[in-house]
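Tertiary structure, described
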Amino acid sequence: MLTYRNSGVHCYDLDQDPPVRLWAYDSGIEENCLTFAIQGTRAYVGYGNGMVRVLEFDTDGATEIAYFSTGMIAHGLGVLPGGELAVLSDLGESYPPDNELQVWDLSDPAQPQLLAMVEDEGFNELALTGSSIVLWDSLLGTQIKVFDASNPLAPLEAFTAVMPLYANVSVDNGHVFITEPPLLKAIDISDPWQPSAGPEIFIPDGYQFYAHGSSGYLMGTNLVFDLADPLVPRPIGAIRSPLRRTMDFFSAGDFSVVSFGTGLIPWVFSRESSLSLSDETTGTGSTTDGSSTGETGIGASP
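None of these values were measured; they are calculated from a predicted model. (Residues numbered from 1 in each chain as written. Predicted model: local features only at pLDDT ≥ 70, side-chain atom pairs only at ≥ 80, totals over all residues. Heavy atoms only, no water.)

Attention now goes to the overall build of the chain. Secondary structure assignment for the chain yields 1 helix and 28 strands. Expressed as a percentage of the 302 residues in the chain, the buried residues total 51%. Sequence separation of 24 or more characterises 43% of the internal contacts of the chain that already satisfy a separation of 6 or more. Accessible surface, the chain as shown: approximately 13700 Å² in total, 49% of it carbon and sulfur. (Helix = DSSP H or I, 4+ residues; strand = E, 2+ residues; numbered from the N terminus. Buried < 20%, exposed > 50% of the residue type's maximum accessible area, 1.4 Å probe, protein only. Contact = heavy atoms within 4.5 Å. Areas by Shrake-Rupley, 256 points an atom, 1.4 Å probe, with all protein chains shown as cover.)

For the coordinates displayed, the defined rule picks out 1 cavity of 30 Å³ or more. Reported here for the largest cavity is a volume of approximately 30 Å³. Considering the residues around the largest cavity, the lining is formed by Asp-172, Asn-173, His-175, Phe-177, Ala-211, His-212, Gly-213, Leu-227 and Pro-230. For the lining of the largest cavity, the per-class residue count stands at 4 nonpolar, 4 polar and 1 charged. (1 Å grid on protein atoms, 1.4 Å probe; cavity = no way out; pocket = protein on both sides within 12 Å on 5 of 7 lines; lining within 4 Å. Points joined across faces, edges and corners; volume = space filled by probe spheres on them. Nonpolar A, V, L, I, M, F, W, Y, C, P; charged D, E, K, R; others polar.)

Moving on to the side chain of Arg-53. By secondary structure assignment, the location of Arg-53 is in strand E6 (residues 51-58). In terms of polar contacts, Arg-53 uses its side chain to reach the side chain of Tyr-47, at 2.6 Å. If near-sequence neighbours (up to four positions away) are discounted, Arg-53 is found in contact with Tyr-25, Ser-27, Ile-29, Glu-31, Ala-43, Tyr-44, Val-45, Tyr-47, Glu-64, Ala-66 and Tyr-67. (Polar contact = N/O pair within 3.5 Å; in protein donor to acceptor, adjacent residues only side chain to side chain.)

Once that is clear, we can look at the pattern of salt bridges. Under the definition given, this model contains 7 salt bridges. For Glu-200, the salt bridge identified is with Lys-185, shortest N-O distance 3.4 Å. Here Lys-185 lies in strand E18 (residues 183-188) and Glu-200 lies in the loop between strand E19 (196-197) and strand E20 (201-202), a separation of 15 residues in the sequence. By the burial criterion, Glu-200 is buried, and Lys-185 matches it. A single network of salt bridges, built from pairs that share partners, joins Asp-120, Lys-145 and Glu-157. (Salt bridge = Lys/Arg side-chain N within 4 Å of Asp/Glu carboxyl O.)

Here Pro-112 lies in the loop between strand E10 (98-105) and strand E11 (113-121). Separated by 28 residues in the primary sequence, Pro-112 and Glu-84 place their C-alpha atoms 9.9 Å from one another. Leave out the neighbours within four places in its chain, and Pro-112 touches Phe-68, Trp-104, Asp-105 and Leu-106.

A word on the environment of Phe-68. By the element assignment, Phe-68 lies in strand E7 (residues 61-69). Taking the relative accessible area as the measure of exposure, Phe-68 reaches 7% and is therefore buried. Between the C-alpha atoms of Phe-68 and Pro-109, which are 41 residues apart in sequence, the distance is 9.4 Å. Beyond its immediate stretch of four places on either side in the chain, Phe-68 contacts Gly-50, Met-51, Val-52, Val-54, Leu-85, Trp-104, Leu-106 and Pro-112.

This brings us to the sheet that holds strand E5 (residues 42-47). As summarised here, the arrangement of the 4 strands in space is E4-E5-E6-E7, forming an open sheet in which the pairing is antiparallel. Two strands close off the open sheet at either side, each with one partner strand: strand E4 (33-39) and E7. Each strand of the sheet is rotated relative to its neighbour by a mean of 20 degrees, with strand direction disregarded. (Pairing = 2+ DSSP bridges. Axes fitted to C-alpha atoms, helices over the stretch in contact; angles between N-to-C directions.)

The next point concerns the confidence of the model for the chain. On average, residues of the chain score 77 in pLDDT, and 74% of them reach the 70 mark or higher. Here residues 250-302 is a poorly scored stretch, pLDDT under 50, and it has 142 contacts once near neighbours within four places are set aside; other chains count. (pLDDT = per-residue confidence, 0-100.)

In this structure, Val-134, Trp-136, Ile-144 and Val-176 are the most contacted members of the largest nonpolar core, which totals 16 residues. If you list the elements that add at least two residues to this core, you get strand E13 (132-136), strand E14 (143-148), strand E15 (156-162), strand E16 (168-172) and strand E17 (175-180). Per-element tally for this core: the top contributor is E15, with 3 residues. Discounting residues that sit within four places of it in the chain, Val-134 has contacts with Glu-125, Leu-126, Ala-127, Ile-144, Lys-145, Val-146, Val-171, Val-176 and Ile-189. Cys-11, Met-51, Phe-57 and Ala-62 belong to the second-largest nonpolar core, a separate cluster that totals 14 residues. (Core = buried A, V, L, I, M, F, W, Y, C linked by side-chain atoms within 4.5 Å.)

Attention now goes to the environment of Tyr-166. Tracing the backbone through its elements, the reader meets Tyr-166 in the loop between E15 and E16. Tyr-166 sits 27 residues away from Leu-139 along the chain, and the two C-alpha atoms are 6.2 Å apart. Contact partners of Tyr-166, with chain neighbours within four places excluded, come to Leu-139 and Leu-140.

We now examine the packing of aromatic side chains. A complete count under the given rule lists 3 aromatic pairs for this structure. The interplanar angle of 50 degrees and the centroid separation of 4.8 Å between the aromatic rings of Phe-68 and Trp-104 together place this pair among those described as tilted. Within this pair, whereas Phe-68 is found in strand E7, its partner Trp-104 is found in strand E10, the two being separated by 36 residues in sequence. Residues Phe-68 and Trp-104 agree in their burial class; the two are buried. Measuring from ring centre to ring centre gives 5.4 Å for Phe-209 and Phe-225, while their planes differ by 85 degrees; the resulting arrangement is edge-to-face. In this pair, Phe-209 sits in strand E21 (residues 208-212) while Phe-225 sits in strand E23 (residues 223-226), placing the two residues 16 residues apart along the sequence. In this pair, the class of Phe-209 matches that of Phe-225, namely buried. An aromatic cluster of at least three residues, connected via ring pairs, comprises Phe-177, Phe-209 and Phe-225. (Phe/Tyr/Trp six-rings, centres within 6.5 Å; stacked < 30°, edge-to-face > 60°.)

Shown next, in the form of structure tokens:
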């Protein structure tokens, strides 16, 4: 598992208990790392100075294979199915930000080529699922915008969805999850031109939902969710050890849940060690009853 902090990239072996750090890569340059992406054996790191670093890595260490400028602050990175790198950037001179959505060809890492650039405004977050690029503003956002980048030379805006003020967003496996306490809702964007929204799920105490693969984690409750049907997340248990801060989350296979604590050491939890939900658990007000309001609250338009 890879994670990052400031100018460093760190690799952990999750088969060890507790997890063991295998190596750390540091550029030796004072850089503010803002965003991070992985595909295969490549890691992509975006910095506040507008630079992007590409690392080739294995369990023994990492080697820099590219270091290039996007011309603007790199706020978000994501890798398309063909290996192209999507970058959300802005000048950092105004708010809401004036954005550029860039797509780069890194087939020859020594000579990155800019394939496409779309100007937009009002976004500071980027996430990819398949060939769909999702943009939103995590601070004062009012909308989520999805681009179809199946043709990386010409990303097309597929639709926009209403984003409540101060809501949180997670993107994975063809779905966008929006947390607007006390509600959680999901949009299926597996076909970005024909999105569909699921029902709103009542979550009285949660405020940030993280989705990865077949699992989800709700910060503020320590609840673990089954995402067999991503449009209707179903609570299946709660992590025993409360986390004071969650920086990221993913599931390793179908039976483990991984989350970060306050430091660099990852927290690893198996589903088998999670608490089963019961009437007593859900009655405390610290978890969710998984009920639905029956309303979607999503305004999607082509």
